[in-house]
There are 2 protein chains.
Amino acid sequence: MKNITIVGGGLVGSLLAIFLAKKGYNINVYERRPDLRKTNILAGRSINLVISHRGWNAIQAAGLEEEIKKITVPVYARITHDVHGNQTKHPYSIENKAIWSVSRGGLNAKLLDIAEKFPNVSLHFNYKCTDVDLDHAYATFEHTENGKNIDVAADLLFGADGAYSLVRQKMMQKDRFNFSIEYIEHGYKELVIPANIDGTHQLDKNGLHIWPRREFMLMALANTDGSFTCTLFFPYEGEHSFDKIKNENDLIHFFKEVFPDAIDLMPTLVHDFFENKTSSLAIVRCSPWVHKGKVALIGDAAHAIVPFYGEGMNCGFEDCFVFNSLLEKIGDTDMESLLMDYHQLRKPNGDAIAELSLRNFIEMRHLVAEPSFMLRKKIEDKMQEKYPNKWLPLYSQVKFSNIPYHEALSTSKKHDEIMEKILTLESIEEKWNSTEIENKILNML
Amino acid sequence: MKNITIVGGGLVGSLLAIFLAKKGYNINVYERRPDLRKTNILAGRSINLVISHRGWNAIQAAGLEEEIKKITVPVYARITHDVHGNQTKHPYSIENKAIWSVSRGGLNAKLLDIAEKFPNVSLHFNYKCTDVDLDHAYATFEHTENGKNIDVAADLLFGADGAYSLVRQKMMQKDRFNFSIEYIEHGYKELVIPANIDGTHQLDKNGLHIWPRREFMLMALANTDGSFTCTLFFPYEGEHSFDKIKNENDLIHFFKEVFPDAIDLMPTLVHDFFENKTSSLAIVRCSPWVHKGKVALIGDAAHAIVPFYGEGMNCGFEDCFVFNSLLEKIGDTDMESLLMDYHQLRKPNGDAIAELSLRNFIEMRHLVAEPSFMLRKKIEDKMQEKYPNKWLPLYSQVKFSNIPYHEALSTSKKHDEIMEKILTLESIEEKWNSTEIENKILNML
C-alpha cells in the first residue's frame, strides 16, 4: 500500500492525514470548501468543541499535544443558571479534571498547518467529491470554481467527509448497506455573548454554562478572545419553539422570562437570532463502515451524532487512533481484514455514543436542574471517592477514560438501575451519606 | 385539483390510478419498466402474493372484487413439513377463512387493464423518473430506450415507485427527512415445484407450505397453472447459508438432509439454485411521507417491509383505500392538510406492520414447529371461539380484519404477556382446556 486518498479535510480528515503521513504513505486530502486558513469565513460550524480524554489520547499519539493545548481553555464544571439568574457549579470530576474548549476553526487550521508540513501530504481545497469507484478506491473530484474534473487513483480511500458524506452515499448504492438518518425535534441557533471592553470574559470562562429549561436549553462555551459562543437548543414546533418566535417582541419577551441573566449579556441578540440560520440535528448510523479492503468511513461520515456529550470529534479522533493502532499491530498487507477489524471495533462504539449523546441532552436540559439529580451526583461522587475501582460515574467514563463507549453505556444502565432503587428509599435525603446506603449499593453491584 | 402524476405502475400505483380516475382527475402513470403485459419477462419479482382482508377491502371499494377473484387460489392453512417429510396442517382461521394466493405479474396486468379503460388515465411505460421538483409536483422522466426527457406538471404527485423510490430519494435531500434502510441477515432465492404432467398440483394447493428449520425455511405457494413458487429464506453467512453452498454436491447433500420430501418434487433444483439470483431483504422506514400539499409516498416507497406476513401489498392497498376515504370525507380543497392526515393515519401502521412482519419470520421459521406454539394456538382458538369479542388472535387481526396494524401490534403484546404466564403454569398440557385456565386468561385481559 502506497497511496491514500482522504475525502474531507475537516478535523478528522486532517488528523488522519498526520497519522498516516508518519507511516510514510503518500496522502492526498481533498476538501470541498476553500482553505479555511485563507478565507474570512468562520469555521462554518457553530458549536464550540471540547476535547476530552479520548481526543487528547489521539492527539498525544500523533505527537501534537503541546501545540494544541495552547489554543484551548480548560473547563472544570457545568455552571447552571436558573430562571432567577442564580448560578450553581457542578464540577465534572472529583479529581479536578477538565474538558478543553476549542474553536472548531482554530483547531482545524492548526491540524492543517501540521499536516501540510509533511512532504508526503498534499492538501487540495475546493475539490468536491462527485464519484467513487469503491472497488478500486478511485475517486472523481470537481473543482468548485473552475468546474474541472480530476480522477484520483489510490490504494485506499477514506470518507472523512462528514454527516452528509458523498462517499457514504456511494456505499448506499451497494446492496445490503444499512443506513439511517434520524432528526430530533430540536434545532439549534448560534448566539453570542461578547467579551468585556478589556477583553475579559463576562462569565466564568472555566465553566460550561447551561440554562436548563426542561424542553430546551441555552448553552455558552468560552472562546479565547473573551467572548462566549452560545447555542440555543430549541424545538422546531410546539409551545416554546422557533415556530412561535416570529418577531423582536416575541424574542425579547421570551428571553426576559426564561433567560433573564443571559439577555443582559447579549447586546446583539435580536440581530443574531433573526440573521443566523436555524440548523437541524441528526443522528446518522450505517453499516458496514468499510468496503472490501479499499474504502473506510471515519468520523461523522460513519457516525454523526447530536452534540450533547461533546464527543463527536473525540469519537472521530478515537477512530483515527484505533485505525493507527491496528496498522501498527497487524501491518498493511491484508487491508480487507484490517478494515473489517476497524469496523468491528468501532461500530458498537459509534452506536453507543449516539445513544449516550441523546441521553445527555435530557440530562443537560432537564435533569441537571432536579434535586434528585443533585442528590444522585453526591452519592456517586462519594462512591467514586471511596471505591474508585468499583464505581466510576458515567460522565467520567465517557470524558475522562478510554473505556469503550459501549461498555460505558452498559455499565451506566446497571448504575441507573441501582441508583433508581437507592433514590426511592425512605428518607434518602437524610441518610444518603450513611454506611447502610453504601453497603446497599456495593451489594447491588 | 385536476392533474395527478403517479410515479410507478406496479400494484399500488395501478390500483391508486383506478381509485383516482373514478373521482374524475386526469391521471398520468409513469412506469420505469416495459409494459409487463407485452413482454415475456416474468413479473420480475419472485415471491407470490397473498391477498388478505385489507387487500380485498380496497379491491372491493374500487369495485374490482369479482374480476380479481378469478385469478386467485384460496389458501386455508399453513402446512408444515418436518425433516422426515411429515405434514401438519394449521388452519389460519377457526371460521375457515382464507388468504388468497395470486401471481404478482397476473394481478398487476389485470389492474393495468382496468386502469387503462378509463379515458382519464394514461399509462406511460419505459419512463424512468430522474427528477422531482417537490414544491411544484413537477417531474422529469427519461425514456429508457430513446433517452429523451419529458417534463410533467401536475397538481399532485404520488411516489408509488417501490422500495428504492426515486421520489423518496428527492425527499431525502430535504432537511429533516428521516430515513432508514435496514437489511436482515437472510436473503431469498426462488425455486420451483412444477405441476404434475396432468396439470394438477404436487402438493395441496390450498395450503401455504413451510419447511421451518429454525434459522431458515423453505416456503411454497400454489400458482393457478399447477406449479408452486418456492422461496428459500436463508442466511447469507454462517453455518447453514448461501455462503456455504458452493456447488451441486453441497446443495444436494443439504436439501436431502433438511428438505428430503421437497427435493423429490424439484427436478430443476440445481439449475434454479445456481441460475437464480440471491435477493436481499430490507425494511425501509421514512418520515414524513408527504411534502406540503404536493407529494405523497405510497406503498413500498413509504414502507418497504420483509415479506413474512404477506402484507406488503395489502398495506399498500390499504394506503390507497385510506387516501380515497379521506378524499371522500374532506374533499380536495386543502391538500396540505389532507396529505398530513394521510401521513398521520398511515405512518404508525407502516411502522407496526414492519415490526409484525419481522416477528412473523421467527414464528414461521421456528416457533411453528415448537410444541408450545401448537399448545398456545389451541388455547387461543378456544378463547376466540368462546369469546369472539374478547380474544382475536394476532393472525386474524392482521389478515382477517381492518383493525389498524398498530392496534393489532399493541394487543398482541398484551396477549403475549398473558400467554407467556399461562404456558408456564404447571401441567398446562393437561389442563389447558379447563375453566380454571379460561378464567385466568379473562382476568388478565
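In this section: the sheet that holds strand β10 (residues 138–143) of chain A. All names here are of chain A. Across the sheet, 3 strands lie side by side as β9-β10-β11; this open sheet has antiparallel pairing. Pairing within the sheet leaves two strands with one partner each, and these edge strands are β9 (127–133) and β11 (149–152). The average angle at which neighbouring strand axes cross in this sheet is 25°, direction not considered. The sheet contact formed by β9 and β10 spans 6 bridges and is antiparallel. Directly across from K128, in β10, lies its bridge partner E142.

The accessible area lost on association of the parts is a frequent measure of interface size. The partner chain A presents 14 residues to the 14 residues of chain B that form the contact. In this assembly, chain B packs against chain A so that about 1,200 Å² is buried in total across both faces, 44% of it on carbon and sulfur atoms. On the chain B side of the interface with chain A, the three residues burying the most area are R176, F179 and Y183 of chain B, jointly 46% of the side's total. Our enumeration of links across chain B and chain A arrives at 0 salt bridges. Per-element tally for the side of chain B that touches chain A: the top contributor is strand β13 (residues 178–193) of chain B, with 8 residues.

All names here are of chain A. At a minimum axis distance of 7 Å, the contact between helix α11 (residues 335–365) and helix α14 (residues 405–423) shows a crossing angle of 45°. Between α11 and α14, the crossing angle belongs to the class labelled oblique. Of α14, the residues touching α11 (which contributes R346, P348, N349, A352, I353, E355, L356 and R359) are Y405, H406, L409, S412, K413 and D416. Here the residues of the contact of α11 with α14 sort into 6 nonpolar, 3 polar and 5 charged.

Taken as a whole, chain A shows an average pLDDT of 95; of its residues, 98% reach a score of 70 or greater. Quick note on the complex model: pTM equals 0.92, ipTM equals 0.90.

Within the structure shown, the criterion is met by 60 salt bridges over all chains. With its nearest N and O atoms 2.9 Å apart, the salt bridge here joins R33 of chain A to E31 of chain A. Taking the relative accessible area as the measure of exposure, R33 of chain A reaches 30% and is therefore partly exposed. Here E182 of chain B makes a salt bridge to R285 of chain B, at a shortest N to O gap of 3.0 Å. On the criterion of sequence distance, the pair formed by E182 of chain B in strand β13 and R285 of chain B in strand β17 (residues 279–287) is long-range, its members being 103 residues apart. Take E182 of chain B: its relative accessible area is 33%, and that puts it in the partly exposed class.

Residue and element names in this part refer to chain B. The 3 strands lie next to each other as β3-β7-β4, forming an open sheet whose pairing is antiparallel. Of all the strands in the sheet, the pair left with one neighbour each is β3 (49–51) and β4 (73–75). Adjacent strand axes in the sheet meet at a mean angle of 40°, parallel and antiparallel pairs treated alike. When β4 meets strand β7 (residues 99–102), the two strands line up antiparallel, connected through 3 bridges. Directly across from V73, in β7, lies its bridge partner S101.

A few words now on the domain arrangement of chain A. Residues and elements named next belong to chain A. The assigned domain composition of chain A is domain 1 (3–75 + 102–181 + 282–360), domain 2 (186–280) and domain 3 (370–444). Opposite the 13 residues of domain 1 that make contact, domain 2 presents 15 residues. Summing both partners gives a buried area of about 1,100 Å² for domain 1 against domain 2, and 66% of it is carried by carbon and sulfur. Listed by contribution, the elements that provide at least two residues to the side of domain 1 that touches domain 2 are β3 (49–51) and β4 (73–75). Examining the composition of the side of domain 1 that touches domain 2, we find that 3 residues originate from one element, β4, more than from any other. Of the residues in the side of domain 1 that touches domain 2, the class split is 11 nonpolar, 2 polar and no charged.

Definitions and cut-offs
- Residues numbered from 1 in each chain as written.
- Chains lettered and ligands numbered in written order.
- Predicted model: local features only at pLDDT ≥ 70, side-chain atom pairs only at ≥ 80, totals over all residues.
- Heavy atoms only, no water.
- Pairing = 2+ DSSP bridges.
- Helix = DSSP H or I, 4+ residues; strand = E, 2+ residues; numbered from the N terminus.
- Axes fitted to C-alpha atoms, helices over the stretch in contact; angles between N-to-C directions.
- Contact = heavy atoms within 4.5 Å.
- Buried area = accessible area lost by both parts, 1.4 Å probe.
- Salt bridge = Lys/Arg side-chain N within 4 Å of Asp/Glu carboxyl O.
- Parallel < 35°, antiparallel > 145°, perpendicular 65-115°, else oblique.
- Nonpolar A, V, L, I, M, F, W, Y, C, P; charged D, E, K, R; others polar.
- pLDDT = per-residue confidence, 0-100.
- Buried < 20%, exposed > 50% of the residue type's maximum accessible area, 1.4 Å probe, protein only.
- Domains from an automatic or database assignment.

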